[in-house]
Amino acid sequence: ELLKVFPDAILIHTHRHHNQAIPSYCSLSEASRIVFTKKVDLKAMGKEWVNYWAKGVKMFEKVRPTIPHNQLIDLKYTDMLKDPLAQVQKIYEFAGRNFTEEARGSMQNWLNANPKDKKGKHHYSLEKYGLNEGIIVDLFKDYLAKHLVH
């Protein structure tokens, strides 16, 4: 549907291990829900989000083969953390655009001014949300094998 509305779009699929992505997302959801209620059922939230992500991954993996190869680039989240500008350069090249020194410099200045954890470290865990590595690996084993475990 997205490519019907934006037929020239470039899709960037960033792959992050679900052991980190899901509890991080649960933590974000918890922070937004706590504003509206005194108690948040963290275990129910974990179950809700892990099932939502599992369904979403399966849906995307079904659709993925229909996306033209020149419109979908895969990047690993860990690579984005290690060398963000190299990954941005890959995106520019994939899109057929020139990654100018001016753009690189502006991005580097932003990175220098905004280091990771500048405003504090984000703490989260699977266990806090009633999940564990076994559940994640079981639900996402095909995705993990295809995109993250080489």
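Please read all numbers here as calculations on a predicted model, not as lab measurements. (Residues numbered from 1 in each chain as written. Predicted model: local features only at pLDDT ≥ 70, side-chain atom pairs only at ≥ 80, totals over all residues. Heavy atoms only, no water.)

### Describing the packing of helix α5 (residues 84-94) against helix α6 (residues 101-113)
Inference 1: As a packed pair, α5 and α6 sit with axes 11 Å apart at the nearest point and diverge in direction by 145°. Crossing handedness for the pair α5 and α6: right-handed. The residues of α6 that touch α5, namely those facing Pro84, Leu85, Val88, Gln89 and Tyr92, are Ala103, Arg104, Met107, Gln108 and Leu111.
Inference 2: Along the lines of polarity and charge, the residues of the contact of α5 with α6 split into seven nonpolar, two polar and one charged. (Axes fitted to C-alpha atoms, helices over the stretch in contact; angles between N-to-C directions. Helix = DSSP H or I, 4+ residues; strand = E, 2+ residues; numbered from the N terminus. Left-handed = near helix turned anticlockwise from the far one by under 90°. Contact = heavy atoms within 4.5 Å. Nonpolar A, V, L, I, M, F, W, Y, C, P; charged D, E, K, R; others polar.)

### Points about unusual backbone geometry
Inference 1: A positive phi is found at Asp117, a non-glycine position, where the angle reads about 70°.
Inference 2: Tracing the backbone shows Asp117 in the loop between α6 and α7 (133-147).
Inference 3: Assessed through its relative accessible area of 36%, Asp117 is described here as partly exposed. (Buried < 20%, exposed > 50% of the residue type's maximum accessible area, 1.4 Å probe, protein only.)

### Things to note about the packing of aromatic side chains
Inference 1: Within the structure shown, the criterion is met by four aromatic pairs.
Inference 2: Measuring from ring centre to ring centre gives 5.8 Å for Tyr25 and Trp53, while their planes differ by 70°; the resulting arrangement is edge-to-face. Taken together, the positions of Tyr25 in helix α2 (residues 18-33) and Trp53 in helix α3 (residues 42-63) put the pair 28 residues apart, joining distant regions of the chain.
Inference 3: Assessed through its relative accessible area of 32%, Tyr25 is described here as partly exposed.
Inference 4: Exposure remark for Trp53: the relative accessible area of 27% places this residue in the partly exposed category.
Inference 5: Aromatic side chains Trp49 and Tyr52 sit 5.1 Å apart centroid to centroid with 85° between the ring planes, which places their arrangement in the edge-to-face category. Taken together, the residues Trp49 and Tyr52, both in helix α3 and three residues apart, mark about one turn of the helix. (Phe/Tyr/Trp six-rings, centres within 6.5 Å; stacked < 30°, edge-to-face > 60°.)

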